[in-house]
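# Structural characterization, general
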Amino acid sequence: MAGEIKCNNCGLDNKPGAILCEVCSEPLEVTVGASVPIIASSSAAHTPASAVGIIGRACGLVVGGNVIDREFELPKDDFGFTIGRTDLDQGIIPDVDLTKFAEKVKIGQDVGYTVSRKQAIIIRRMGRLYLRAIGGAKTMIKPQNTDWKELLKDQEEEILVGSRFRFGGSEGYVIFEVV
Amino acid sequence: MQVELTLGQRYLPITDEAEVIFLLRLLRDSQKQSADLALDLRKILDRSGSMDEPADGGLTRIQALKAAVNESLSLLRQGKDRLCIVVFDDTMKVILDPTIVGDINAIKKLIDGVRTGGSTNLSNPLRYTLEDVKPMDGSLPKIIIFTDGNVNAPSAAAEERACLELARQANRLGIPFAVFGTGIDYNEKFLKNMAEVAGHGSYFEHVKQVGAMRLRLEDEMENLKSVQDLDVRIGITAEPVVEILEAFKYVPQQLALPVSGKIVKDEFPGLDVRGQAYLIKTKVHAGKAVGDFKIATIALSWQGVAGAGVKSMNVVVNFTADEKLISPVDKTVRNTVLNTEGTKATLSGQYNRAQTLFTTSGNTGMAKKVETLAKSDEDAKRTLRTVTVTEANKGIIGKKGAK
Ligand SMILES: [Zn+2]
């Protein structure tokens with residue numbers, strides 16, 4: 001069967017995922033590489049009842065329900081920054097370039113992208129962070145402990161540690177979590 | 001606290017049964033201060049007759065120990081940390097009542113005055129440090145034991161039983177032990193067992209050169225001072241179709257954790273600069289499932305400087321028919337498995353197997369230590385056992401432990 005690993009010492013076929021032979025305990029010859037550690041989200045972190053929430057420092061990429069990598073840092077001063085995909089023809093270079101996540105998707109008869117050239121802005125005001133949708137592909141946000149909701153163009157919502165946001169529709173999307 | 005989960009393989013081929021191995025690492029949050037709690041050190045030092053035997057540097061064991069303790073005093077913070085020192089042979093003597101550190105020279109004089117004699121009764125000083133020394137609010141307690149002999153007064157069996165009972169009491173009170181033995185006359189199994197029973201990050205180490213106790217004591221104090229999150233508890237619960245085969249933790253030393261049903265639990269008093277790491281091996285009855293597959297849930301709780309914290313995360317792999325997606329085996333996870341196995345082999349005297357495993361993981365330093373020390377005398381073998389459990393996996397922890 002696919003994925004079984006034959007032991008060079010005793011000949012046993014070992015289960016996928018095995019590192020040592022189940023019978024003779026010798027190291028198996030496997031392809032070795034480096035993976036990306038999954039970073040735990042702080043979404044369940046207790047905060048004192050009086051506090052509103054923790055201001056995040058970065059956004060992590062969410063795959064399979066877990067934050068797998070720290071993708072980009074959040075602004076530390078009171079300037080907004082744009083999130084989107086680069087389009088050199090139109091001279092658009094966002095502060096946070098999500099081109100690598102922008103997959104071509106079919107939306108009805110048209111071809112669209114999971115991330116727009118101008119997708120959203122993250123703004124820092126009075127030490128707090130907000131995500132504002134600026135059009136194009138769909139932007140959804142999931143504040144801590146509540147359901148997903150859509151952010152319409154020019155709407156904004158505060159983001160805190162544990163907030164998730166999603167760019168793109170049901171055809172294809174990318175999710176980030178504030179960490 | 002920063003939590004990192006590394007899967008042996010995230011994408012696996014579709015299969016009936018798979019092995020899923022994962023490594024969970026807890027690290028201090030680099031942006032936060034340490035808890036800055038007072039240390040509450042209770043030292044129990046052997047002064048039995050055998051401590052007059054020669055040690056390193058032309059000193060006797062007791063001379064080297066006194067020098068090491070004296071030199072390490074400067075790391076205690078005046079007006080903040082508390083120290084208590086008890087010496088023992090067949091009787092015990094409190095040479096320093098629990099005292100907030102002030103005049104270090106006065107403490108040194110008391111230590112210098114210690115004389116040797118008699119046999120070894122450890123339970124009385126242990127009982128004193130557990131029962132008579134009153135708890136100190138907002139502090140990190142630790143009982144530090146140094147001995148060179150078998151507990152034997154009134155009898156070895158009765159004394160070992162009494163000490164193990166006190167270790168259980170320490171476990172209930174949450175006061176960890178650091179147990180150090182030197183020479184080859186002490187009962188290594190018993191001291192190790194005592195540390196394991198006391199739990200909460202307790203450990204045993206063999207000390208080849210008594211003078212090295214200075215570094216051991218200094219490491220201990222530095223580690224305690226670096227503690228950030230307190231009272232850390234972790235629970236790993238496997239899904240119904242998943243069996244947990246083995247579980248290990250690595251700080252302060254490699255230790256196999258008991259698996260009860262589908263659950264592995266651990267707790268320790270504080271997350272210090274070394275962090276903490278767990279390796280979990282599971283067998284998954286996947287039944288040819290396709291797509292994301294949940295293996296286990298990890299639940300963590302702690303007391304932080306800014307209040308209580310909890311975190312939970314899912315361990316999820318993916319079974320796929322697409323061969324191009326199948327992940328290579330993560331190097332860190334594989335090396336941790338090999339080093340863990342190498343340590344187990346060393347402890348059970350399978351030195352050739354240990355050497356092979358350490359060499360395969362690229363841990364040539366450890367392979368060399370096994371080669372050299374395994375050929376040597378009992379003192380060297382005790383050193384080797386301490387070195388492997390403490391250092392074989394130091395690559396996955398925040399900072400190396402014992403020197
Ligand atoms: Zn085999």
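Residues numbered from 1 in each chain as written. Chains lettered and ligands numbered in written order. Predicted model: local features only at pLDDT ≥ 70, side-chain atom pairs only at ≥ 80, totals over all residues. Heavy atoms only, no water.

### What to know about the interface of chain B and chain A
The condition that has to hold: Any two residues whose heavy atoms approach within 4.5 Å at even a single point are treated as in contact. When two components associate, each loses some accessible surface as probed by a 1.4 Å sphere; the sum of these losses over both components is called the buried area. A side-chain nitrogen of Lys or Arg and a carboxyl oxygen of Asp or Glu constitute a salt bridge if their distance falls within 4 Å. N or O atoms closer than or at 3.5 Å make up a polar contact, with two conditions inside protein: a donor-capable atom paired with an acceptor-capable one, and, for residues adjacent in sequence, both atoms drawn from side chains. What counts as a helix is a DSSP run of H or I of at least four residues, what counts as a strand is a run of E of at least two, and both are numbered from the N terminus. Residues are grouped as follows: Ala, Val, Leu, Ile, Met, Phe, Trp, Tyr, Cys and Pro are nonpolar; Asp, Glu, Lys and Arg are charged; every other residue, Gly included, is polar. Paired strands, in this sense, are two strands between which DSSP finds at least two bridges.
In this complex, chain B contributes 42 residues to the contact, which on the side of chain A involves 33 residues. Taken over both partners, the interface formed by chain B and chain A buries close to 3200 Å², and the fraction arising from carbon and sulfur atoms is 60%. Between the two partners, chain B and chain A, sit three salt bridges. The partner of A:Arg57 in a salt bridge is B:Asp29, with the nearest N and O atoms 3.9 Å apart. Summed over the shared surface of chain B and chain A, the number is eight residue pairs in polar contact (both at pLDDT 80 or more). Top element by residues in the side of chain B that touches chain A is strand E17 (residues 307-320) of chain B. It accounts for eight residues. Along the lines of polarity and charge, the residues of the side of chain B that touches chain A split into 19 nonpolar, eight polar and 15 charged. Of the pairings in the sheet, the one linking strand E3 (residues 32-33) of chain A to strand E18 (residues 329-330) of chain B comprises two bridges and is parallel in character.

### Observations regarding the nonpolar core
Across soluble globular proteins, nonpolar side chains show a tendency to be buried alongside one another. Under the convention used in this document: Definition of nonpolar core: a set of buried residues of the types Ala, Val, Leu, Ile, Met, Phe, Trp, Tyr and Cys, connected through side-chain atoms within 4.5 Å. Note on classification: 1.4 Å probe, protein chains only; a residue is buried when its accessible area is under 20% of the maximum for its type, exposed when over 50%, partly exposed between these limits.
Of all hydrophobic cores here, the largest spans 61 residues; its most connected members are A:Phe72, A:Ile122, A:Phe165, A:Phe176, B:Phe22, B:Leu26 and B:Ile295. Take this core: its biggest share by element is six residues, from strand E16 (residues 291-304) of chain B. In this structure, B:Ala64, B:Val69, B:Ile111 and B:Ala178 belong to the second largest nonpolar core, which totals 36 residues.

### Focus on the coordination of the zinc ion
Residue and element names in this part refer to chain A. For the record, the criterion: A 2.8 Å cut-off from the metal defines N, O and S donors, relaxed to 3.2 Å for Na, K and Ca; water is not in the atom list, so some sites may appear incomplete. Site shape is set this way: if four donors have all angles between 85 and 135 degrees, tetrahedral; if opposite donors are over 155 degrees apart and all others between 65 and 115, square planar for four donors and octahedral for six; otherwise irregular.
For the zinc ion, the full set of protein donor atoms is Cys7 (SG), Cys10 (SG), Cys21 (SG) and Cys24 (SG), at a range of 2.3 Å. Considering all four donor atoms around the zinc ion, angles at the metal cover 102 to 118° and the coordination shape is tetrahedral. In terms of primary sequence, the donors binding the zinc ion are separated according to C-x2-C-x10-C-x2-C. Residue Cys7 is found in the loop between strand E1 (5-6) and strand E2 (13-14), and its partner Cys24 is found in the loop between E2 and E3; the two are separated by 17 residues along the sequence. By relative accessible area, Cys7 is classed as buried at 3%.

### Overview of the domain arrangement of chain B
Residue and element names in this part refer to chain B. The cut-off we apply is this: The domain limits used here are those given by an automatic or database domain assignment.
If you check the domain split of chain B, you get domain 1 (2-33 + 227-328), domain 2 (38-225) and domain 3 (332-391). The C-alpha centroid of domain 3 is placed 25 Å from the C-alpha centroid of domain 1. Summing both sides of the interface, domain 1 and domain 3 together bury roughly 970 Å²; the carbon and sulfur share of this comes to 64%. On the surface where domain 1 and domain 3 come into contact, there are one salt bridge.

### A closer look at the sheet that holds strand E13 (residues 259-260) of chain B
Residue and element names in this part refer to chain B. One open sheet holds the six strands; their spatial order is E2-E17-E16-E10-E14-E13, and the pairing between them is mixed. Taken across any chain shown, the strands that pair with only one partner, and hence form the sheet edges, are strand E2 (11-13) and E13. Bridge count between strand E10 (residues 230-238) and strand E14 (residues 263-270): seven bridges; the pairing is antiparallel. Its bridge partner being in E14, Leu230 is matched across the sheet by Gly270.

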